Amino acid sequence: MKYYSTNGKAPIADLQKAVVKGLAEDRGLYMPERIKQLPKEFFDTIETKSFQEIAYTVADAFFGEDVEAEALKKIVYDTLSFDCPVVKVKDNIYTLELFHGPTLAFKDVGARFMARLLQYFIHHSSECCCGTATDQTVNVLVATSGDTGSAVANGFLGVDGIHVYVLYPKGKVSNIQESQFTTLGKNITAVEVDGVFDDCQALVKNAFMDEELNQHMKLTSANSINVARFLPQAFYYFNAYARMKENIKIKKCNNDLQLVMCVPSGNFGNICSALFGHAMGLPIKRFIAANNANDIFYKYLQTGKYEPKASVQTLANAMDVGDPSNFARIYDLYGKSHERISSLISGATYSDAQIEKTMRQCYQETGYTLDPHGACGYRALQEGLKDGEIGVFCETAHPAKFKETVDRIIGGDVEIPERLAAFMRGQKQSIELSKDFEDFKAFLMSR
Ligand SMILES: *Cc1c(COP(=O)(O)O)cnc(C)c1O
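Notes on the structure follow. Just so you know, these numbers come straight off a predicted model, no measurement behind them. Going along each chain's sequence as written, the residues are numbered from 1 onward. Owing to the predicted nature of the model, reporting of local features is limited to residues with pLDDT of at least 70; listing and counting of side-chain atom pairs is limited to 80 or more, with chain, interface and lining totals taken over all residues. Side-chain numbers here rest on the full set of heavy atoms in the structure, without hydrogens or water.

1. Quick word on the overall build of the protein chain
Inference 1: Each helix is a run of DSSP H or I of at least 4 residues and each strand a run of E of at least 2, with the numbering of both proceeding from the N terminus. Secondary structure summary: the protein chain contains 20 helices and 14 strands in total.
Inference 2: Radius of gyration here is computed from C-alpha atoms only, and the compact-globule reference equals 2.2 Å multiplied by the residue count raised to the power 0.38. A globule of 447 residues ought to have a C-alpha radius of gyration of about 22 Å, and the protein chain, at 21 Å, matches this closely.
Inference 3: Projected onto its principal axes, the C-alpha positions of the protein chain cover 65 × 50 × 40 Å.
Inference 4: Partly exposed describes any residue whose relative accessible area lies between the buried limit of under 20% and the exposed limit of over 50%, with all areas from a 1.4 Å probe on protein chains only and scaled to the type maximum. Split into buried and exposed, the 447 residues of the protein chain put 57% on the buried side.
Inference 5: The charge count includes Lys and Arg as positive and Asp and Glu as negative, but it does not include His or the ends of the chains. By convention, the charge on Lys lies at NZ, on Arg at CZ, on Asp at CG and on Glu at CD. Within the protein chain, the 55 negative side-chain charges are centred at a point lying 4 Å from the centre of the 48 positive side-chain charges.

2. Regarding the sheet that holds strand β6 (residues 138–143)
Inference 1: Two strands form a pair only when DSSP identifies at least two bridges running between them. Spatial strand order, β9-β6-β7-β8-β14: five strands in an open sheet with parallel pairing. At either margin of the open sheet sits one strand with a lone partner, and together these are β9 (218–221) and β14 (431–433). Recorded for the sheet is a direction-independent mean angle of 30° between the axes of neighbouring strands.
Inference 2: Bridging between β6 and β9 involves four bridges; their strand directions are parallel. In the sheet register, Val138 faces β9, and the bridge partner there is Lys218.
Inference 3: Note on contacts: a residue pair is in contact if any heavy atoms of the two residues lie within 4.5 Å. For helices, the axis comes from a line fit to the C-alpha atoms of the stretch in contact; other axes are also lines fit to C-alpha atoms, and the angle between any two N-to-C directions lies between 0 and 180 degrees. Lying on the sheet, helix α5 (residues 107–124) is in contact with β6, β7 (162–169) and β9; it crosses β7 at an angle near 140°.
Inference 4: Each of β6, β7 and β8 (188–193) touches helix α6 (residues 147–156); the most contacted strand, β7, lies at about 165° to it.

3. Let's talk about the pattern of salt bridges
Inference 1: Each reported salt bridge corresponds to a side-chain nitrogen of Lys or Arg within 4 Å of a carboxyl oxygen of Asp or Glu. Scanning the model with the defined rule gives 27 salt bridges in all.
Inference 2: Between Glu65 and Lys36 there is a salt bridge, and its shortest N-O distance comes to 3.3 Å. Of the two residues, Glu65 is situated in the loop between α3 (51–63) and α4 (69–79) and Lys36 in the loop between β3 (30–32) and α2 (40–44); the sequence distance between them amounts to 29 residues.
Inference 3: Residues Asp91 and Lys88 are paired through a salt bridge, measuring 3.4 Å at the closest nitrogen-oxygen approach.
Inference 4: On the basis of relative accessible area, Asp91 is assigned to the exposed category, the value being 59%.
Inference 5: When its relative accessible area of 44% is taken as the criterion, Lys88 is described as partly exposed.
Inference 6: Several salt bridges converge on common partners, so that one network encompasses Lys170, Glu178, Glu192, Lys428 and Glu432.

4. Considerations on the sheet that holds strand β13 (residues 389–395)
Inference 1: Strands sit in the order β4-β5-β13-β10-β11-β12 across an open sheet of six strands; the sheet is mixed. Whereas interior strands pair on both sides, the edge strands pair on one side only; in this sheet they are β4 (86–90) and β12 (345–349). Neighbouring strand axes in the sheet, compared pairwise and without regard to direction, differ in orientation by 25° on average.
Inference 2: Against the sheet, helix α17 (residues 372–384) makes contact with β4, β5 (93–97), β10 (258–264), β11 (286–291), β12 and β13, and its axis sits at roughly 170° relative to β13, the strand it touches most.

5. What about the state of the cysteines?
Inference 1: By definition, disulfides here are pairs of cysteine sulfur atoms that lie within 2.5 Å. Overall, the coordinates contain zero disulfides when judged by the stated rule.
Inference 2: Looking at the unpaired Cys272, the closest cysteine sulfur is the one in Cys394, lying at 13 Å.
Inference 3: Taking the relative accessible area as the measure of exposure, Cys272 reaches 0% and is therefore buried.

6. Notes on the nonpolar core
Inference 1: Definition used in this section: a nonpolar core is a set of buried Ala, Val, Leu, Ile, Met, Phe, Trp, Tyr and Cys residues joined via side-chain atoms within 4.5 Å. Ranked by size, the top nonpolar core spans 140 residues in total, and within it Phe63, Leu96, Phe156, Phe238 and Ile345 carry the most contacts.
Inference 2: Counting residues per element, this core draws most heavily on helix α11 (residues 234–250), at 10 residues.
Inference 3: Counting 18 residues, the second largest nonpolar core, distinct from the first, contains Ala143, Val193, Val204 and Phe440.

7. Observations concerning the side chain of Asp295
Inference 1: On the secondary structure map, Asp295 appears in the loop between β11 and α13 (296–303).
Inference 2: Two N or O atoms form a polar contact when they lie within 3.5 Å of each other; inside protein one atom must be a possible hydrogen donor and the other a possible acceptor, and for residues adjacent in sequence the pair counts only when both atoms belong to side chains. Separated by 3.1 Å, the side chains of Asp295 and Lys309 make a polar contact.
Inference 3: If near-sequence neighbours (up to four positions away) are discounted, Asp295 is found in contact with Lys309 and Thr349.

8. A few points about the site of the ligand
Inference 1: We call a residue near a given molecule or strand whenever any one of its heavy atoms falls within 4 Å of it. Surveying the vicinity of the ligand reveals 15 residues, the closest of which are Lys107, Gly266, Asn267, Phe268 and Thr396.
Inference 2: One nitrogen or oxygen atom from the main chain of Gly266 is found 2.8 Å from an oxygen atom belonging to the ligand.
Inference 3: Separating an oxygen atom of the ligand from a backbone N or O atom of Gly269 is a distance of 3.1 Å.
Inference 4: Here the ligand, which alone exposes 390 Å², has 96% of that area covered by the protein.
Inference 5: Lys, Arg, Asp and Glu make up the charged group, whereas Ala, Val, Leu, Ile, Met, Phe, Trp, Tyr, Cys and Pro make up the nonpolar group; the residues left over, Gly among them, are polar. In terms of residue class, the shell around the ligand is made up of six nonpolar, seven polar and two charged. Areas reported here follow the Shrake-Rupley algorithm with a probe of radius 1.4 Å; residue values treat only the protein chains shown as occluding.

Laid out in structure tokens, this is it:
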């Protein structure tokens, strides 16, 4: 499969180049040249298949031309070592729980898949296309304000031939988040930068541009716009459809499943992968993008104008994005047509006060504990479902990741899952550095 850039000015890339480079030379996002339709028979019997079987069929459609079948199967089965179940919250509203992975958020799926695909390329090509460095280890540099670092670090943990450097701003991530990437050891190094998130990001960018450093070691990024991180997220939408179909059959309802998929969105990578699934034939009737107060996409749907602005801080902080990167992919996918986009996707935007109220009401009415991101999704379905429709919203993170906030709002004591508690018991290991690039470079050169 070939990949082109949404900006249209970069050379066409193969999968390996798209994965290793992440962003195209013209700073556009890579898009697969074709989106394969899956046959009707696949959907007719999808409820008889397991999550992993379904995921492999979807993976094969995207990556089958570039990765040997057995290897791809192993990558998929290894990635999905946990379930993404659909759980009923109340009549006609279900949640797709995406928090059963190692760091309790949906980003685990993409990060785990990318790590394994990168490892495959390292082993299957004489020169993995990251320059001329003599050391064959591939070094992943990732700057994080919290959640990305943990998903990437855990996704790559113990993967042979890859070393990860997580750069984070000292004192500016929560203890829970910090514990998820500083206690791992092995091939993960946490770098605590005396600065803010933007300083961490600048260090990473400078490292990619430094010739001497790139001669010394192979560098790559694991940004969320990477095709190997975003496409695999389609897996759980196909599985959600299968499990809903199974559900409805058991209840012997009529078979006309009018499914509405509602995705709490920030950078729009997650919903974009669902839209790719739809383009492959996944029978979802329509989509809702649920936003917090950062309402750029919501405004676009209303006005046809895309106007990025500075992000504002909210309770659902993983969705505090003022210029969602993946808008470019959605725009491209629908031929830049506002009409096509707004007829398939609707929007919602909620203030912190509305998020709090929703979390409280849902807990009181149904006993289900929402996290602040999932709350936007739940509310959008509650307000937006039409007669005959059944809604599924993504719970993008476990409420325990936001324990203090959630406890305060619902007046409860959210139980911390054992795998999260284990991180918090771990011994913190980190390297402290200034925000000066020469310090960071000297550190990397000494490795
Ligand atoms: C990253 C994240 C989101 C936003 O997902 P996008 O793909 O950026 O739209 C939502 N909720 C949680 C918990 C996240 O970590």
